[in-house]
Amino acid sequence: MTTTFTEDAISEITRMVWAAIIDPSDELVERAGEAPRRELTGMVEISGTWTGSVCLGFSRRAARQAAAAMFGADADALDDDEVADAVGELVNVVGGNLKGLLPPPAQLSLPSVREGDPTTVGTGRAELVSELQFDWCDEPLSVVIWRADDAAGD
Amino acid sequence: MHALVVDDSRSMRSILGRILKSIGVEVDEAADGADALAQVDAGMVPDVALVDWHMPAMNGVELVAELRQRPELEHMSIMMVTTEGEPEQIGVALEAGANEYLIKPFTADAVVQKLTLLGKWPLGHDTTDQPKAGAQ
């Protein structure tokens, strides 16, 4: 099937998640142009009527600030595992809500977090179908959607 | 009131824990289904369990079904807290024994609203609970 996610839907869901989990007053600002390098990527995979991956890419500082909001702690007090946990949960919630836009059946994987940019972490045969960039607290954040090539043309 | 928060994400447990503690609820945490079952098997009888769906080894629906096998937890309410918002999935969770359903992301107000629907809030409304000092 040709179902994909519109940029409006990706933006709306990401903003909703940020407002609820991070802070309603911390606005995400969409940005255009070449993206700064993002250093940490959270990813969930969706399989079913649409198969692919949803990634959230962060600078290290953005990831730590997001984790600080989620843990209610000072950013400098968090260890790397806590930062990775927060990134994983954020991509789980964004990916899970995007999955809800798909016709069933659709399954969501557990999140994974890895070093690197979300446009380069794709493994195997996958097509980058969407990349939405934001600035948050003057730090880069992006939502990147990969579609599994096996699903292309169905 | 005593709540058990079951989620493999430490950050999500922290968020839910802060919300619950802010309204005077005593909170314990479990990192997965096995941890939750170990705690109840050791004698914990929470008034409400907040259970994530997607967890490694045992998912939240499987945990709900396990908890519902324990007669000592007959009066414990179970709230699924998950991104799984499709009606079919909600039906699966309710069929397994969940009483309420909260979709991530949620607000603090939504958590309190669900506790109210379960008869667990305000504290003291449920005759099995006693208000705690400082509770709102």
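Thresholds applied
- Residues numbered from 1 in each chain as written.
- Chains lettered and ligands numbered in written order.
- Predicted model: local features only at pLDDT ≥ 70, side-chain atom pairs only at ≥ 80, totals over all residues.
- Helix = DSSP H or I, 4+ residues; strand = E, 2+ residues; numbered from the N terminus.
- Buried ≥ 20, exposed ≤ 12 C-beta atoms within 10 Å, placed from the backbone.
- Contact = placed C-beta atoms within 7 Å.
- Nonpolar A, V, L, I, M, F, W, Y, C, P; charged D, E, K, R; others polar.
- Axes fitted to C-alpha atoms, helices over the stretch in contact; angles between N-to-C directions.
- Parallel < 35°, antiparallel > 145°, perpendicular 65-115°, else oblique.
- Core = buried A, V, L, I, M, F, W, Y, C linked by C-beta atoms within 7 Å.
- pLDDT = per-residue confidence, 0-100.

Undergrad: I'd like a description of the environment of Q133(A), backed by residues and values.
TA: Residues and elements named next belong to chain A. Position of Q133 among the secondary structure elements: in strand β6 (residues 126-136). By the C-beta count within 10 Å, which is 20 here, Q133 ends up buried. C-alpha of Q133 to C-alpha of S11: the two residues are 122 residues apart in sequence and 9.3 Å apart in space.

Undergrad: Please give an account of the interface of chain A and chain B that cites residues and values.
TA: In this assembly, 21 residues from chain A lie in contact with 18 residues from chain B. Secondary-structure elements contributing two or more residues to the side of chain A that touches chain B are α1 (7-22), α2 (60-71) and α3 (80-99) of chain A. Ranked by residues supplied to the side of chain A that touches chain B, first place goes to α3(A) with nine residues. Grouping the constituent residues of the side of chain A that touches chain B by class yields twelve nonpolar, six polar and three charged.

Undergrad: Report on the packing of α2(A) against α3(A), specifying residues and quantitative values.
TA: The description of two packed helices rests on the angle between their axes and on the distance between the axes. Residues and elements named next belong to chain A. Where α2 meets α3, the closest approach of the two axes is 8 Å, and the angle between their N-to-C directions is 85°. Taken together, the axes of α2 and α3 are roughly perpendicular relative to one another. Contacts between α2 and α3 involve A63, R64, A66, A67, M70 and F71 from the former and E82, V83, A86, V87 and L90 from the latter. Of the residues belonging to the contact of α2 with α3, the class tally is nine nonpolar, no polar and two charged.

Undergrad: Before we move on, could you go through the nonpolar core and cite the residues and values that matter?
TA: Counting 76 residues, the largest nonpolar core has V87(A), L90(A), V94(A) and L50(B) as its most contacted members. At nine residues, α3(A) tops the list of elements feeding residues into this core. Residues in contact with L50(B), not counting those within four places in the same chain, are A3(B), V5(B), V6(B), L16(B), M79(B) and V81(B).

Undergrad: Could you give an account of the confidence of the model for chain A, with specific residues and numbers?
TA: Predicted confidence across chain A gives a mean pLDDT of 89, with 93% of residues reaching 70 or more. Per-element confidence in chain A ranges from a low mean pLDDT of 88 for strand β1 (residues 29-30) of chain A to a high of 97 for α3(A).

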